[in-house]
Amino acid sequence: MAHIVNLDQNAINSLLQAHNNFRSGRGLPALKWNSQIANQAAGWVGNSMKYENMMAQPNPHGQTQGVGQNIAWNFQSIPFPSSDSQLPYSGLVKLWNDETVPMQPGTYNHVSQVLWGSTTDVGCSVGVGPNPKTPSNTAYNYNVILVCDYFPQETCSQCLPRGKENATTKVEPKHRKSGCIILVGRWNSENIPTTPGTYNQATQVLWGSTTEVRCAVVVGPNPKPVSNSIYNNDLILVCDYYPPGNIVGKQWNTVSSQPYYG
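Now for a look at the structure at hand. Everything quoted here is computed from the prediction, not taken from an experiment.

**With respect to the side chain of Asn20**
- Positionally, Asn20 belongs in helix 1 (residues 9-24).
- Taking the relative accessible area as the measure of exposure, Asn20 reaches 13% and is therefore buried.
- Discounting chain neighbours no more than four positions away, the residues touching Asn20 are Ala30 and Leu31.

**Considering the packing of helix 1 against helix 3 (residues 89-97)**
- Two elements in contact, helix 1 and helix 3, have axes separated by 8 Å at closest approach and are oriented at 25°. One element, helix 1, and the other, helix 3, form an angle in the roughly parallel class. The way helix 1 lies across helix 3 gives a crossing that is right-handed. Judged by residue contacts, Ala11, Ser14, Leu15, Ala18, His19 and Phe22 of helix 1 engage Tyr89, Ser90, Val93, Trp96 and Asn97 from helix 3.
- Looking at side-chain class alone, the contact of helix 1 with helix 3 contains seven nonpolar, four polar and no charged residues.

**Examining the state of the cysteines**
- Enumeration over the complete set of coordinates arrives at two disulfides.
- The residue that forms a disulfide with Cys124 is Cys148, at a sulfur-sulfur distance of 2.1 Å. An S-S torsion of about 105° defines the bridge between Cys124 and Cys148 as right-handed. Separated by 24 residues along the polypeptide, Cys124 in strand 4 (residues 121-130) and Cys148 in strand 5 (residues 142-151) bring together distant segments of the chain. In this structure, Cys124 and Cys148 share a single accessibility class: buried.
- Disulfide pairing places Cys215 opposite Cys239 at an S-S distance of 2.1 Å. Residues Cys215 and Cys239 are joined by a disulfide whose S-S torsion is about 110°; by sign, that bridge is right-handed. Of this pair, Cys215 sits in strand 8 (residues 212-221) while Cys239 sits in strand 9 (residues 233-242), placing them 24 residues apart in sequence.
- The class of Cys215 is partly exposed, set by a relative accessible area of 48%.

**Overview of the pairing of strand 4**
- Burial within strand 4 is extensive, with nine of its 10 residues counted as buried.
- Bridging between strand 1 (residues 3-4) and strand 4 involves two bridges; their strand directions are antiparallel. The residue of strand 4 that forms the bridge with Ile4 is Gly127.
- Relative to strand 4, strand 2 (residues 32-33) is paired through two bridges, and the arrangement is parallel. In the strand pairing of strand 4, Trp33 is matched with Val122.
- Two strands pair when backbone bridges link them, and strand 4 and strand 5 are joined in this way by 10 bridges, in the antiparallel orientation. Across the sheet, residue Gly129 finds its bridge partner in strand 5, namely Asn143.

Criteria and thresholds
Residues numbered from 1 in each chain as written. Predicted model: local features only at pLDDT ≥ 70, side-chain atom pairs only at ≥ 80, totals over all residues. Heavy atoms only, no water. Helix = DSSP H or I, 4+ residues; strand = E, 2+ residues; numbered from the N terminus. Buried < 20%, exposed > 50% of the residue type's maximum accessible area, 1.4 Å probe, protein only. Contact = heavy atoms within 4.5 Å. Axes fitted to C-alpha atoms, helices over the stretch in contact; angles between N-to-C directions. Parallel < 35°, antiparallel > 145°, perpendicular 65-115°, else oblique. Left-handed = near helix turned anticlockwise from the far one by under 90°. Nonpolar A, V, L, I, M, F, W, Y, C, P; charged D, E, K, R; others polar. Disulfide = S-S within 2.5 Å. Pairing = 2+ DSSP bridges.

Shown next, in the form of structure tokens:
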């Protein structure tokens, strides 16, 4: 029988860890569970479970006043485990975490909400059971839906890497501290080059012989008129490193289990 799952502490921990392990790897603070937000998410799960494949129409998202929202589904031809403790909680969050992080201002997806620097709270709800409508494809016979709501929601454009030094701008800044955290997280989320002679901002962060870092932040209105209003306000973070990294001809140490530069 289709039902909204009564999430126990183990399920909550699984959902939180799937978020926070991913955020931690990018230098972002952990989210905390918010029961009030979780109850709001449960309301949308209940509504979605009336529709085919548990996808509400005409828009699968809803009840998002004041929060951001991610939704994930899983489908299969046979019933999900009868024990709610065996449902794929972390696997559903992983569907978002596996997305490519958007690099252009004004572009978003599920993972951008998971990594949003100023977000502090998350609350989730899960529904599971047979498809409310008889599907034409038996692969959709049984559905599970995960709805997670986030506060504060993502409210500004994405970070855009700039320059050979580690300099990044974030437009329309709302919170300087959390903005800086997600800017550094942007460097950390870059793919690490494994070909000698190729470098990026992440390689400077990881450069083995670097021992010191100094950073500065400037925030304020754009000094030049802009045609696109999303650039009206800017935040720039510049970090200098000593001894410097990204030196041509240097290779990462293949003995290390992780790329090591210097």
